[in-house]
Amino acid sequence: MIFHMFSDEDHDIGSVRLTCKIFEELATPFLLPPPRIICAPLSGSLATLTAVSRHPVLSKSVMEVVYDCNRYHFVETITKYKEALRRANSLLDKFKEPKSEEENRDLKTAFSQYRQTYDDQATMENTGEVIACLCSALMRMPHIKKITISPNFECFLDSQQIHSIYFLEPDPAYNEAFLLMARILSLTGTKIHNFNIETNDDPIGWRDPVGVSGALFRVMSSSNLNHCCKAFCGLRRVTIAADENDVAGWMTGNLAEMLSGATDLEKLNINGCHPTFQIPTKYILSTTTWSRLTSLRFTHVTLDQRDFLELLIRHSGTLKDIDLFCVCLTNGSWKILLEGLKPYFSLQRISIDYPLEKDGESYKEIYLKLKHASKSWLLSDGLLSEWTF
């Protein structure tokens, strides 16, 4: 408790560790607040991961591995580099040609740093260092419970401090990262509880892609599908950022097969791309019933009202928390959905924000109708402790 207070109050926990061997052992875990490590397919990042995994105390403290899914691309010349900058800035401020010697040097330095980072990434991937380091690290860190795939962390070479407006940001590569981490979990037999794919934390919201796409599942080999199914076994929480691209891929049912193996699933979050993810849920969730599912969250998705109602009824015995944001219903209405739910209600909380109906009433009309109706449909029996609309 004392060392926890030192950590919370931002004291120099490093100095505390130097007091004696007992203090070193007790204080070392607080060097990782929160107890996670962020890694990327770069030499410096992988070296740090390896060092932490070999540390007798830190290796037991890490509970989450965050994999930075951003990837650098080969750019041959500075002319093509400027073209890439123009494309990247097409929706933001227009790319401005350097006008001074200082700006020209800045552009050349940024190009050089980008190429160095790409070369380092390519070397780590082509030599197998990425998968080797991740596999060995996970096997040495016994308390890992969560894997996160995210584009929201900046990982560069250790020798670089990049603040240039001419530096080309890497692109999220969700599909490759998903397959990599699934393969690693399968090969090492690491049993985690939480698998999290984060959407872009981009304040402007124009950075593509926004999650895994259907192409991941359309071209998936039987070997990769087997690795993914093994990785999903034992999961309790799954969060998937989904990009609508490649509809045919989403309709293969491969994701549904993976999720069906997560028999202990308790919380499921599907975050679709803006404005709505329009792949029918039957291709994503199939007709699986998870006996422990208590929480369900959908964001920016289009759902078939009948399929969605069937999903909720199947889990009426366990489901306690529903969170729906910018969900559009087809082949039905919100009124029918809530009326159909009432006989099965055992919920403790339901939140519906920005409900939509395809070719139906406006958001304001739906809002006013449901806000009034919710009192009689949901609250009259006293079964619901929290309703947010």
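Residues numbered from 1 in each chain as written. Predicted model: local features only at pLDDT ≥ 70, side-chain atom pairs only at ≥ 80, totals over all residues. Heavy atoms only, no water.

What is the right way to read a nonpolar patch on the surface from this model?
The grouping of Ile 22, Phe 23 and Leu 26 at the surface amounts to a nonpolar patch, some 280 Å² of accessible area in total. By secondary structure assignment, the location of Leu 26 is in helix α3 (residues 21–27). (Patch = residues over 30% accessible without salt bridge, like charges linked within 9 Å, V, L, I, M, F, W, Y side chains within 5 Å. Areas by Shrake-Rupley, 256 points an atom, 1.4 Å probe, with all protein chains shown as cover. Salt bridge = Lys/Arg side-chain N within 4 Å of Asp/Glu carboxyl O. Helix = DSSP H or I, 4+ residues; strand = E, 2+ residues; numbered from the N terminus.)

Just checking my understanding: could you explain the pattern of salt bridges for this structure?
Pairs can form between side chains of opposite charge whenever their charged atoms are close. Evaluated as defined, the whole model comprises 11 salt bridges. The shortest N-O distance in the salt bridge between Glu 97 and Lys 82 comes to 3.4 Å. Placement of Glu 97 in the loop between α6 (78–88) and α7 (101–126) and of Lys 82 in helix α6 is noted, with a sequence separation of 15 residues between them. Given a relative accessible area of 36%, Glu 97 falls into the partly exposed group. Residue classification places Lys 82 among the buried residues on the basis of a relative accessible area of 19%. Linking Arg 86 and Glu 97 is a salt bridge whose minimum nitrogen-to-oxygen distance equals 2.4 Å. Highlighted residues: Arg 86 in helix α6 and Glu 97 in the loop between α6 and α7, separated in sequence by 11 residues. You can call Arg 86 partly exposed: its relative accessible area is 36%. Shared partners join several salt bridges into a network, and the residues in it are Arg 297, Asp 321, Asp 323 and Arg 349. (Buried < 20%, exposed > 50% of the residue type's maximum accessible area, 1.4 Å probe, protein only.)

What is the right way to read the pairing of strand β8 (residues 267–271) from this model?
Look at any regular strand and the pattern is simple: side chains alternate between the two faces of the sheet. When you tally the buried positions in β8, you get 4 out of 5 residues, the bulk of the element. Examined bridge by bridge, strand β7 (residues 237–241) and β8 share 5 bridges and lie parallel to one another. Residue pairing across strands places Val 238 opposite Leu 268, the latter belonging to β8. Note: β8 against strand β9 (residues 295–304), 5 bridges, orientation parallel. In the strand pairing of β9, Leu 268 is matched with Leu 296. (Pairing = 2+ DSSP bridges.)

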